[in-house]
Amino acid sequence: MSNLTINQDRLWASLMETAQIGGTSDGGIARLTLSEDDKRIRDWLSAECAALGMKLTVDEAGNMFALRAGKRPDLPPIAMGSHLDTQPTGGKFDGVLGVLAGLEVLRTLEAAGYESEAPLMLVNWTNEEGSRFSPAMLGSGIWAGVYAPDYGDARSDVAGDTFGASLDRIGYRGAAKAGAVKIGAMFELHIEQGPILEAEGVQIGVVQGVQGMRWFELVLRGTAAHTGSTPMNMRRNALLGMAKVIEGIDGIARSHADAVGTIGFLEVHPNSHNVIPGEVRATIDLRHPSDAVLDQMEQQTQALVRAAAAEIGLEHRLDQISRTASVVFDAACIAAVRAGAQAAGFSMRDIISGAGHDAAHTAAVVPTTMIFVPSAGGLSHNPAESTLPEECAAGAQVLLEAVLHYDRQRAETRRGVTA
Ligand SMILES: [Zn+2]
């Protein structure tokens, strides 16, 4: 235990103060990436970091990195952070909590005069949400080398405005090259965006990784014919085939622990009450923490579609339209979070992230993990998003304990190596 306690009231005051920037009348935040409001929150963060004597570096994708010196400049910094942009119908906690809790950790250390071994860093990733410029997690993706900076610059919003032009307009295109800012480890605190922690009354989610995801488009083709004059035994009803597939996908997901599977989009042609559906288009969304299980689920889906089509005499086409590999977080970082939650006396459980996060990109490059705190009702991307002051504070306290635990452990290991 560090004997350092983060200031719950100060953290909450910062959350509520910054929620005004892009704040909406229904209590949410609409702070789209690289907008004027994004510039205002970035200016606010810059000023707060400067007040703590931290040195700010901005890279060419607008990612912000504020550095607090440690005793050992030879060690790469241990980073905390997340994103300050929101969805158009965003809440007050998604992303923001991870950045402001990191700031609160640094304020607490500064007030106590605590010196870490490695330097500590606070990060604000650009365009996590992807609602203005697709894809999501663009800034961290550019930092991690998944996307080229030129690709990022050329992303366009619906009005034809580009990521690069917007970055220049708000003055947050930094001089640092993508990936030039080195990080030794990354800890991202985030709201769960799901219902598990609240339902089980657990305070801290020790995140093990991010589940993999596969999306498919399925088209079933039969014959559009008159509903009154076509006997039941002479029909090729594409929607009936799709109904079997919908139920089958649900069954496939239920047959694997921790799997989810959904058909959430359906297009029926001609979609007329007295015509037998001749063609139906759907998307299938399969997710699981293990890519091997996803392979199995994919094979089962192919067999399911073949069987449903054969039974009714339909043609079928199944195309994969998106695929994200699962991410396994770093064991030493996870151990530090566990030790931190234990030291602070909070209940915890292992959990897998159902949503994508910047941490999924950083995990490919540096030791990374995440900490989850409860989301009321599992709600997110919604103005009603709610996490209590004491829940935010618990997350920040575990963040502090985890980072300092990791710092001490790594400094000891390095000393052992160099001695
Ligand atoms: Zn987020």
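Along each chain, numbering runs from 1 in the same order as the chain's sequence is written. Selection of residues for local features in this predicted model requires a pLDDT of at least 70, selection of side-chain atom pairs for listing and counting requires 80 or more, and totals for whole chains, interfaces and linings are taken over all residues.

**Overview of the overall build of the chain**
Thought 1: Going along the chain from the N terminus, every DSSP run of H or I of four or more residues is numbered as a helix, and every run of E of two or more is numbered as a strand. Scanning the chain from N- to C-terminus turns up 12 helices and 13 strands.
Thought 2: For 419 residues, the compact-globule estimate of 2.2 N^0.38 gives 22 Å, and the chain sits close to it at 24 Å.
Thought 3: Judged by the C-alpha coordinates and their principal axes, the chain covers about 85 × 45 × 40 Å.
Thought 4: The burial tally for the chain puts 46% of its 419 residues in the buried class.
Thought 5: Once C-beta atoms are placed from the backbone, any two residues with those atoms within 7 Å are in contact. The contacts of the chain with a sequence gap of at least 6 include a subset with a gap of at least 24, amounting to 78%. As defined in this context, the radius of gyration uses C-alpha atoms, and a globule is described by 2.2 Å times the residue total to the power 0.38. Buried means a residue has 20 or more other C-beta atoms within 10 Å of its own C-beta, exposed means 12 or fewer, and partly exposed covers the counts in between; C-beta atoms are placed from the backbone.

**Some points on the sheet that holds strand β10 (residues 315–324)**
Thought 1: A sheet is described by the order of its strands in space; here 4 strands give the open sequence β8-β9-β7-β10, paired in antiparallel fashion. Single-partner strands in this sheet number two, and they are β8 (260–269) and β10. In this sheet, adjacent strand axes meet at a mean angle of 15° when their direction is disregarded.
Thought 2: Pairing between strands is defined by DSSP: at least two bridges between them are needed. Here strand β7 (residues 212–221) runs beside strand β9 (residues 279–288); their pairing, made up of 10 bridges, is antiparallel. By the bridge assignment for β9, E217 is matched with T283.
Thought 3: Note on geometry: axes are C-alpha line fits, over the in-contact stretch for helices, and angles between N-to-C directions span 0 to 180 degrees. Against the sheet, helix α8 (residues 238–254) engages β7, β8 and β9, with an angle of about 170° to β8.
Thought 4: On the sheet, helix α9 (residues 291–312) packs against β7, β8, β9 and β10 and is oriented at approximately 160° with respect to β9.

**Details of the domain arrangement of the chain**
Thought 1: Its domain assignment divides the chain into domain 1 (8–210 + 328–418) and domain 2 (212–324).
Thought 2: Domain start and end points were adopted from an automatic or database domain assignment. Centre-to-centre separation of domain 1 and domain 2, based on C-alpha positions: 38 Å.

**Topic: the packing of α8 against α9**
Thought 1: At a closest axis distance of 9 Å, the pairing of α8 and α9 adopts a crossing angle of 155°. Between α8 and α9, the angle falls in the class roughly antiparallel. Considering how the two elements wind past one another, α8 and α9 form a crossing that is right-handed. Residues L240, G241, K244, V245, G248, I249 and I252 of α8 form the contact with α9, whose participating residues are M297, Q300, T301, L304, V305, A308, A309 and I312.
Thought 2: Split by residue class, the contact of α8 with α9 holds 10 nonpolar, 4 polar and 1 charged. Should an angle fall under 35 degrees it is taken as roughly parallel, and over 145 as roughly antiparallel, whereas 65 to 115 is taken as roughly perpendicular and any remaining angle as oblique. For any pair of crossing helices, the crossing counts as left-handed if the nearer helix is rotated counterclockwise from the farther one by less than a right angle, and right-handed if it is rotated clockwise. Only Asp, Glu, Lys and Arg are considered charged, only Ala, Val, Leu, Ile, Met, Phe, Trp, Tyr, Cys and Pro nonpolar, and every remaining residue, Gly among them, polar.

**Quick notes on the nonpolar core**
Thought 1: Within the largest apolar cluster, 84 residues are counted, with the highest numbers of intra-cluster contacts made by V105, I371, A396, L399 and V403.
Thought 2: The greatest single-element share of this core, amounting to 11 residues, is contributed by helix α12 (residues 389–418).
Thought 3: For A396, the contacting residues outside a window of four places in its chain are I6, L11, A101, E104, V105 and L189. Buried Ala, Val, Leu, Ile, Met, Phe, Trp, Tyr and Cys residues whose C-beta atoms connect them within 7 Å together make up a nonpolar core.

**Some words on helix α3 (residues 96–112)**
Residue pairs spaced three or four apart in an α-helix point in one direction, given the helix's 3.6 residues per turn.
Thought 1: Multiply 1.5 Å by the residue count of a helix minus one, and that product is the helix's expected span. Given a rise of 1.5 Å per residue, 17 residues ought to cover 24 Å, and the 24 Å separating the end C-alpha atoms of α3 matches this to within 8%.
Thought 2: Burial analysis of α3 places 13 of its 17 residues in the buried class, the great majority of the element.
Thought 3: G113 occupies a position one or two residues after α3 and carries a positive phi of about 65°.

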